[in-house]
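# Remarks on the overall topology
Read off the chains here:
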Amino acid sequence: AMSARGKARKRALDFLYEADIKKVSAADLLSIRGANELSQEPYVVRLINGVAEHLTKIDELIITYAQGWDMDRMPPIDRNILRIAIFEILWAAEIDIQVACDEAVELAKAFSTDESSSYINGVLGRIIKLKDSIAL
């Protein structure tokens, strides 16, 4: 069964994915929809706002560690799974780093492809290794 945080990650992913496809900010989408829709899930709001707040840095890291993938050519679902996990790894101190990585891999297996899940695992692995040297 999916944990409460696991469900929150999935909800946040739906939001970020939709915002990405519509080319709007996820934070704007959240305020249009009303955070009340998500009031049961403070972690969903934390993830969406966290990714929005740090998006420039997160995307810069994806571009740096994506090894040959052009950000624009990356499947939007994969890009947004990575965004959530990178936010958790670098800014959500209460989240275990390995859990954040494993959950991202599970989301990719469930909603993207096996190829994507191993790719995401590789990108996050590199970021985890270098975590302490990344200037935030």
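Residues numbered from 1 in each chain as written. Predicted model: local features only at pLDDT ≥ 70, side-chain atom pairs only at ≥ 80, totals over all residues. Heavy atoms only, no water.

## Regarding helix 4 (residues 55–65)
Taken together, the buried positions of helix 4 are I58, D59, L61, I62 and Y65. Along the axis of helix 4, the buried positions cluster into a sector of 155 degrees, meaning they face one direction only. Those residues of helix 4 that are exposed and angled more than 90 degrees off the buried face are T56, I63 and T64. The inward-facing, buried residues of helix 4 abut helix 3 (42–53), helix 5 (76–91) and helix 7 (114–130). At the exit of helix 4 stands Q67, carrying a positive phi of roughly 45 degrees. (Buried < 20%, exposed > 50% of the residue type's maximum accessible area, 1.4 Å probe, protein only. Helix = DSSP H or I, 4+ residues; strand = E, 2+ residues; numbered from the N terminus. Arc of directions from axis to C-beta. Contact = heavy atoms within 4.5 Å.)

## Focus on the nonpolar core
Grouped together as the largest cluster of nonpolar side chains are 43 residues, with contacts concentrated most on I62, I81, L82, I86, I120 and L124. For this core, the secondary-structure elements that each account for two or more residues are helix 1 (4–22), helix 2 (26–33), helix 3, helix 4, helix 5, helix 6 (97–111) and helix 7. L82 has contacts with I62, M74, I120, V123 and L124, leaving out every residue within four places of it along the chain. (Core = buried A, V, L, I, M, F, W, Y, C linked by side-chain atoms within 4.5 Å.)

## What about helix 6?
Given 3.6 residues to a turn, an α-helix orients residues that are three or four positions apart in the same direction. Over its 15 residues, helix 6 runs 21 Å from end to end, which matches the ideal 21 Å to within 8%, given 1.5 Å per residue. Along helix 6, the residues classified as buried are A100, C101, A104, V105, L107 and A108. Seen along its axis, helix 6 keeps its buried residues to an arc of 160 degrees; they face one direction. Between the side-chain oxygen of the N-cap and the backbone nitrogen of Q98 there are 3.0 Å, and the N-cap of helix 6 in question is D96. (Expected span 1.5 Å × (residues − 1). Polar contact = N/O pair within 3.5 Å; in protein donor to acceptor, adjacent residues only side chain to side chain.)

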